[in-house]
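A look at the structure
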Amino acid sequence: MRESKDNMIPIKILDETAPLEAVVLGTAVSLGDVPAEEDTYDPKSLEHVRAGTYPQETDLIAEMDEVANVLKKYGVEVFRPEIIHDYNQVFSRDIALVIDDVLVVPEITVEREDEVDGIQFLIDEIRHVVEPKSHERMEGGDVIVWKGNLFVGYSSNADFSQYKVTRTNEAGVAFLKEHFSNWQVHAFELKKSDEDPRENALHLDCCFQPVGHDKAVIYPGGFKHEKDARFLIDFFGKENVFEITREEMYEMNSNFFSIRPSVVISDSSFHRLNAQFESWGITVEKVKYREVGKMGGLLRCTTMPLRRKYE
């Protein structure tokens, strides 16, 4: 871990839902051309490239600006990456993550490694930064921080070598256990498919996420082992868990984003999920994020929290 100069940007993340104070929201500016099929690195993007429905930059910018406006409405400080021309910088969640008061800058898939340059101006202003070694692979979408627990989606070494869509490996899990030894690390293997987005949990937040103070949304079919989904359901209590369907997972229902325990941002098309949130007393800020969703991620994927408020 390196320590830097004074007058740093304060960071603190202990869970997924405490009142948000500062966040990095990705950008779709200068996205570049529609990728060739062989240059996609998730099955949802591949599906839309093949169908000729890959999103347009102007539509993505409009959707992300709507989210920025919602965040600012709640007084959140919103940082955006510096623009790298002709490069996809939509999904800021994966290129860095905050656990407690430490920023982890992980080793990510080679197709995305230059994305970190877009937030280097922030990294330089954060006091505690750790960088896993090249073999210790992870992305932020696979790491969910929850009140002394780190829930981590990963792939076994055999799957990691077989599938392009694997993002976090066994060495990445070991890194988290070593560097955050005061946290309970719970690791779950995820189902993977390079071709079928309905059979692929790209990250843990594509099939599971806590919400509110003690609730959770889960798609059990996204886990390679049934026992892991059962563990999470038991952890939160069946009465506090909302299970989504295979098709809702494909549409990325579990990839909402919490501004505070009582407020979430969710896609306006998620009618069943949003009704459940409201029945739990959670205000839903509804946005249109359908074009972003064509690229294999949604609201949690495009946001990387830096600081939440704790008493």
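Residues numbered from 1 in each chain as written. Predicted model: local features only at pLDDT ≥ 70, side-chain atom pairs only at ≥ 80, totals over all residues. Heavy atoms only, no water.

Considerations on the nonpolar core
If you look at the biggest cluster of nonpolar residues, it comprises 62 residues, and the most contacted ones within it are Leu71, Phe208 and Phe223. When residues of this core are assigned to their parent elements, the largest contribution, 6 residues, is made by helix H2 (residues 57–73). Those residues within four positions of Phe208 in sequence are excluded, and the remaining contacts are Ile144, Phe151, Ala216, Val217, Ile218, Phe223, Leu232, Phe236 and Ser254. In this structure, Ile11, Ala96, Leu103 and Trp183 belong to the second largest nonpolar core, which totals 37 residues. (Core = buried A, V, L, I, M, F, W, Y, C linked by side-chain atoms within 4.5 Å. Buried < 20%, exposed > 50% of the residue type's maximum accessible area, 1.4 Å probe, protein only. Helix = DSSP H or I, 4+ residues; strand = E, 2+ residues; numbered from the N terminus. Contact = heavy atoms within 4.5 Å.)

Side note on a negative patch on the surface
Taken together, the side chains of Glu38, Asp39, Glu111, Glu113, Asp114 and Asp117 define an acidic patch exposed on the protein surface. Along the chain, Glu113 falls in the loop between strand S4 (102–104) and helix H3 (120–123). (Patch = residues over 30% accessible without salt bridge, like charges linked within 9 Å, V, L, I, M, F, W, Y side chains within 5 Å. Areas by Shrake-Rupley, 256 points an atom, 1.4 Å probe, with all protein chains shown as cover. Salt bridge = Lys/Arg side-chain N within 4 Å of Asp/Glu carboxyl O. Lys, Arg positive; Asp, Glu negative; His and termini not counted. Charge placed at Lys NZ, Arg CZ, Asp CG, Glu CD.)

Let's talk about the side chain of Asp100
Structurally, Asp100 is set in the loop between strand S3 (97–99) and S4. For Asp100, a relative accessible area of 18% corresponds to the buried category. Here the side chain of Asp100 touches Lys12 through a polar contact of 2.7 Å, side chain to side chain. If we ignore the near neighbours within four places in the chain, the residues touching Asp100 are Ile11, Lys12, Ile13, Leu14 and Trp183. (Polar contact = N/O pair within 3.5 Å; in protein donor to acceptor, adjacent residues only side chain to side chain.)

Section: the pairing of strand S14 (residues 283–287)
Looking down a regular strand, the side chains alternate between one sheet face and the other. Looking at chain direction, strand S13 (residues 263–267) and S14 are connected through 5 bridges and run parallel. Its bridge partner being in S14, Val263 is matched across the sheet by Thr283. Following the chain from S13 across helix H8 (residues 271–279) to the adjacent parallel S14, one finds a crossover that is right-handed. (Pairing = 2+ DSSP bridges. Right-handed = clockwise from strand over helix to strand, strands pointing away.)

Observations regarding helix H6 (residues 226–236)
Residues Asp228, Ala229, Leu232, Ile233 and Phe236 constitute the buried set of H6. Viewed end-on, H6 has its buried residues packed into an arc of 140°, placing them on one side of the element. Facing away from the buried side of H6, by more than 90 degrees, are the exposed residues Glu226, Lys227 and Asp234. Where H6 is buried, its residues meet strand S6 (143–146), strand S7 (149–154), strand S8 (184–189), strand S9 (208–211), strand S10 (215–218) and strand S11 (241–243). (Arc of directions from axis to C-beta.)

Examining unusual backbone geometry
As a rule of thumb, non-glycine residues mostly have phi less than zero, and peptide bonds are mostly trans rather than cis. A positive phi angle is found at Ser30, which is not glycine, with a value near 60°. Its location among the elements puts Ser30 in the loop between strand S1 (20–25) and helix H1 (43–51). Phi angles above zero are rare outside glycine, and Asp100 is one such case at about 60°.

Focus on the sheet that holds S8
Across the sheet, 3 strands lie side by side as S6-S7-S8; this open sheet has mixed pairing. Each of the sheet's edge strands pairs with one partner strand only, and the pair in question is S6 and S8. Direction aside, the axes of adjacent strands within the sheet are offset by 20° on average. Pairing between S7 and S8: 6 bridges, direction parallel. Residue pairing for S8: Val152 is matched across the bridge by Ala187. (Axes fitted to C-alpha atoms, helices over the stretch in contact; angles between N-to-C directions.)

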